[in-house]
Amino acid sequence: MSRPRHPLFEQPWPEGEFRFFQLGFLVDDLLAAAAGWARVFGVGPFHVLPVVDQHTVYRGQPATATIRVAVAQAGPVQIELIQQLCDRPSIYRDWHRAHRAGLHQLCTVTTDYEGKKAHYQKLGYELACENTGPFRVAYFDTAADFGFYTEVVEHTPEFHAQLTRISRTCAAWDGTDPVRLLTRNGYRTPEE
């Protein structure tokens, strides 16, 4: 399968702190959704991360959601697909029940995590969810005004390196293996 050529997907990776870099979508079938994005929009390859338990504080209560995520770069915008694999309360499950699959969040990366959080809180947006894991991520409930959550991710060298690897892989993608299940030694395809 060859990747469609279109200027939208040929922009350089943005440098430095940038406003929104990612669109996050909730999906019912992660592998099918990733294959569809590659087939229809030429976005890929999707990097399917291992299943994880995401530990958070969700609306003031400790919560754990079992999720699977796939990401691919489309020019300056990363597409993130998220499938929740459990029925525990989470920012994903509750949104999905109320709205269905589809756009869930816009994401920004910042070197001033606390300042960015304070900015959204000062504007009156509820901190709906925050990761308690190894890196800091906050979700603000901007749905009433904009129809989606706003995600704030702390910029770290490790996170930036991961974004850069994904961006470079996607920029050089020739259309083969549009959905890649990441492993310790590279990746495998869903058909393997």
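Residues numbered from 1 in each chain as written. Predicted model: local features only at pLDDT ≥ 70, side-chain atom pairs only at ≥ 80, totals over all residues. Heavy atoms only, no water.

### Structural notes on the overall build of the protein
In step 1: The secondary structure content of the protein amounts to 5 helices and 11 strands.
In step 2: Within the protein, the fraction of its 192 residues that count as buried is 48%.
In step 3: For the protein, the exposed surface amounts to about 10,000 Å²; the carbon and sulfur share of it is 55%. (Helix = DSSP H or I, 4+ residues; strand = E, 2+ residues; numbered from the N terminus. Buried < 20%, exposed > 50% of the residue type's maximum accessible area, 1.4 Å probe, protein only. Areas by Shrake-Rupley, 256 points an atom, 1.4 Å probe, with all protein chains shown as cover.)

### Concerning the pattern of salt bridges
In step 1: The full count for this structure, using the stated rule, is 9 salt bridges.
In step 2: A salt bridge links Arg88 to Asp53; the shortest N-O distance between them is 3.8 Å. Taken together, the residues span a long stretch of sequence, with Arg88 in the loop between β5 (77-84) and α2 (91-99) and Asp53 in strand β3 (residues 52-58) at a distance of 35 residues.
In step 3: With a relative accessible area of 43%, Asp53 lands in the partly exposed category.
In step 4: For the salt bridge of Glu114 with Lys117, the shortest nitrogen-to-oxygen distance reads 3.8 Å. (Salt bridge = Lys/Arg side-chain N within 4 Å of Asp/Glu carboxyl O.)

### Here's the deal with the nonpolar core
In step 1: Trp37, Val43, Phe46, Ile79, Leu81, Ile91 and Tyr92 are the most contacted members of the largest nonpolar core, which has 41 residues in total.
In step 2: Residue contributions to this core peak at 8 residues, all from strand β4 (residues 61-74).
In step 3: Here Phe46 is in contact with Ala34, Trp37, Ala38, Ala70, Val71, Ala72, Ile79, Leu81, Pro178, Val179 and Arg180, once residues within four sequence places are set aside.
In step 4: In this structure, Tyr113, Tyr120, Tyr125 and Ala138 belong to the second largest nonpolar core, which totals 6 residues. (Core = buried A, V, L, I, M, F, W, Y, C linked by side-chain atoms within 4.5 Å. Contact = heavy atoms within 4.5 Å.)

### Thoughts on the pairing of β5
In step 1: The buried fraction of β5 amounts to 7 of the 8 residues, a majority that puts the element mostly inside the structure.
In step 2: Pairing analysis gives 5 bridges linking strand β1 (residues 22-26) to β5, with the strands arranged parallel. Residue pairing in the sheet places Leu26 in a bridge with Ile82 of β5.
In step 3: Pairing of β4 with β5, which is carried by 8 bridges, proceeds in the antiparallel orientation. Pairing of Gln73 across the sheet is with Gln78, part of β5.
In step 4: Between β4 and β5, which pair antiparallel in sequence order, lie 2 residues; one of them, Gly75, sits at a positive phi of approximately 65°. (Pairing = 2+ DSSP bridges.)

### Here we look at α2
In step 1: Residues Ile91, Tyr92, Arg93 and Trp95 constitute the buried set of α2.
In step 2: The opening residue of α2, the one whose side-chain oxygen lies 3.1 Å from the backbone nitrogen of Tyr92, is Ser90.
In step 3: Taken from the residues just after α2, Arg100 is the one with a positive phi, measuring 95°. (Polar contact = N/O pair within 3.5 Å; in protein donor to acceptor, adjacent residues only side chain to side chain.)

### A word on the confidence of the model for the protein
In step 1: The predicted model of the protein has a mean per-residue pLDDT of 88, with 90% of residues at 70 or higher.
In step 2: Ranking the helices and strands of the protein by mean pLDDT puts strand β2 (residues 46-48) first, with 97, and strand β11 (residues 186-188) last, with 84.
In step 3: Under a pLDDT of 50 for its full length, residues 1-11 has, in the predicted model, 26 contacts with residues more than four places off or in other chains. (pLDDT = per-residue confidence, 0-100.)

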